[in-house]
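If you want the building blocks of each chain, they are given just below.
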Amino acid sequence: MKAWGGRFEKETAAIMDDFHSSIHFDYQLAKEDIEGSIAHAQMLSDCKIISASEAEQIIAGLNKILIAVNNGEVNWDPAAEDIHMNIEKLLINEIGELGKKLHTARSRNDQVALDARLYLRKEINNILMKLKELFDILIETAKRESQTIMPGYTHLQRAQPILLAHHFLAYFEMFKRDYERLQDCLKRVNVSPLGAGALAGTGFPIDRHQVAKSVGMGSVAANSLDAVSDRDFVAEFIFDASLIMMHLSRFCEELVLWSSMEFGFVEMDDAFSTGSSIMPQKKNPDVAELVRGKTGRVYGDLITILTVMKSLPLAYNKDMQEDKEALFDAVKTVIGCLSIFNPMLQSLTFNRERMLAATKDGFLNATDLADYLVNKGIPFREAHAVSGKLVRYCITTKKRLEELTLAEFKEHSALIEADVYPVLEMENVVRVRSSYGGTSFEQVDQQLELARQWVNSLNNN
Ligand code: ARG
């Protein structure tokens, strides 16, 4: 008979058991479920709802089950529906009738919400660790490439030269925001719903704050209906995960482009590349492509949770069981992607000559020519037009701006003197962009130092 079978005359159909059972995925919450149950049993005894010796036996039984879970020795029973009933069943097998007292003053509705929160808290911390690894690699690479000049792009057209370090530090900023978003999300994950009961609270003299404290949660959910029907924290987390994936995917897209023969900016390590079954010469950037591809999964998970929740009346509805596969998938995908992206990124070799050479074609110093004229006293819009005409002249004469003679320059503007040549050198084009957050060597060094300090402050917390 089912744990809830009292009011039923017949067993559920086998196909019904298959359909509504969640044990094939929520077994992943086993440890959290046991952790929550231990805290609950202890509180029941402290509040004199069960005796101290009963709590002791229940807790000992749960600890035994935990060991079996950790050793992979438990066979989950689909007929017992979900992880909560499976563990209760194992407990009753272990310690007998007393096991039936554990569920006093509790419902699976508050229990599953607690389990999901404990699980997500742990996994967010795992993701934060992976992001820290990534910060170290970004900073290390930015330091190594702090003199490497490459084209910066807009519309994927060469625009102005930048430092490769500057490009890496742009990603640092993106992942730093992701890190902070997850830290903020943790505040809302780390709230205990336990004690909300099925939806309305309980008549037993429980102490919700004690349970919260013993599982390391700073606060308790204030409203019992909200406590059991809130999955905002799942949606919020998957959104945060989606942004991490979006940032990884943009980075991956660039690495796919940069490793192509057309760009030739970067060489991927053999360890993170694959070949073709037919074309012997191929070396494909599979890691970057797969991370880019898996971004779609996480976006899908976000749409899943948002859609599952959108029309649910208060409080718990079984629809909410659908939250978990999306959550697990998002967690697994982000951690999996960061775990391989990090070493792949660390193993890249940049082709500095090729990057510098790419800055030479495409008039990446045309803005600097205009700025030069502004410094000689003409309004920017006019200077822009003069520089534009010179670019057009260069295109027809197949020259670079810096290859024009002074006479050619003067045909377009009498203000241009020999001092224009150093202005047009790529190194100087980079050097002058020293506004705060710009790509100059000096600014990038400063931003690198600030990045380092921020990462150190994380380690010291
Ligand atoms: N397996 C369920 C879930 O994941 C647990 C809560 C079940 N509650 C209920 N009243 N059927 O949501």
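The coordinates are above.
Owing to the predicted nature of the structure, the values given are computational and were not obtained by experimental measurement.

1. As for a nonpolar patch on the surface
Consideration 1: On the surface, Ile15, Met16 and Phe19 cluster together into a nonpolar patch covering about 380 Å² of accessible area.
Consideration 2: Position of Phe19 relative to the elements: it lies in helix H1 (residues 14-20).
Consideration 3: The exposure class of Phe19 is exposed, given its relative accessible area of 71%.

2. Quick notes on the environment of Glu325
Consideration 1: If you trace the backbone, Glu325 turns up in helix H12 (residues 323-346).
Consideration 2: C-alpha of Glu325 to C-alpha of Asp301: the two residues are 24 residues apart in sequence and 8.3 Å apart in space.

3. Re the site of the ligand
Consideration 1: Ser22, Asp26, Asp82, His84, Arg108, Asn109, Val112, Tyr316, Gln321 and Lys324 make up every residue found near the ligand.
Consideration 2: Within the side chain of Lys324, one N or O atom sits 2.6 Å away from an oxygen atom of the ligand.
Consideration 3: The protein chains hide 86% of the 340 Å² of surface that the ligand would expose on its own.
Consideration 4: Looking at the shell around the ligand, the element that brings in the most residues is helix H6 (residues 108-144), giving 3 residues.
Consideration 5: Residues of the shell around the ligand, tallied by class, amount to 2 nonpolar, 4 polar and 4 charged.

4. Digging into the packing of H6 against helix H10 (residues 232-258)
Consideration 1: Packing of H6 against H10 brings their axes to within 11 Å, and their N-to-C directions diverge by 20 degrees. On the basis of their axis angle, the class for H6 and H10 is roughly parallel. The two elements H6 and H10 cross, and the hand of that crossing is left-handed. Contact residues: Ala113, Ala116, Arg117, Leu120, Ile124, Ile127, Leu131 and Leu138 in H6; Phe233, Phe237, Ile244 and Phe251 in H10.

Analysis parameters
- Residues numbered from 1 in each chain as written.
- Predicted model: local features only at pLDDT ≥ 70, side-chain atom pairs only at ≥ 80, totals over all residues.
- Heavy atoms only, no water.
- Patch = residues over 30% accessible without salt bridge, like charges linked within 9 Å, V, L, I, M, F, W, Y side chains within 5 Å.
- Areas by Shrake-Rupley, 256 points an atom, 1.4 Å probe, with all protein chains shown as cover.
- Salt bridge = Lys/Arg side-chain N within 4 Å of Asp/Glu carboxyl O.
- Helix = DSSP H or I, 4+ residues; strand = E, 2+ residues; numbered from the N terminus.
- Buried < 20%, exposed > 50% of the residue type's maximum accessible area, 1.4 Å probe, protein only.
- Near = heavy atom within 4 Å.
- Polar contact = N/O pair within 3.5 Å; in protein donor to acceptor, adjacent residues only side chain to side chain.
- Nonpolar A, V, L, I, M, F, W, Y, C, P; charged D, E, K, R; others polar.
- Axes fitted to C-alpha atoms, helices over the stretch in contact; angles between N-to-C directions.
- Parallel < 35°, antiparallel > 145°, perpendicular 65-115°, else oblique.
- Left-handed = near helix turned anticlockwise from the far one by under 90°.
- Contact = heavy atoms within 4.5 Å.

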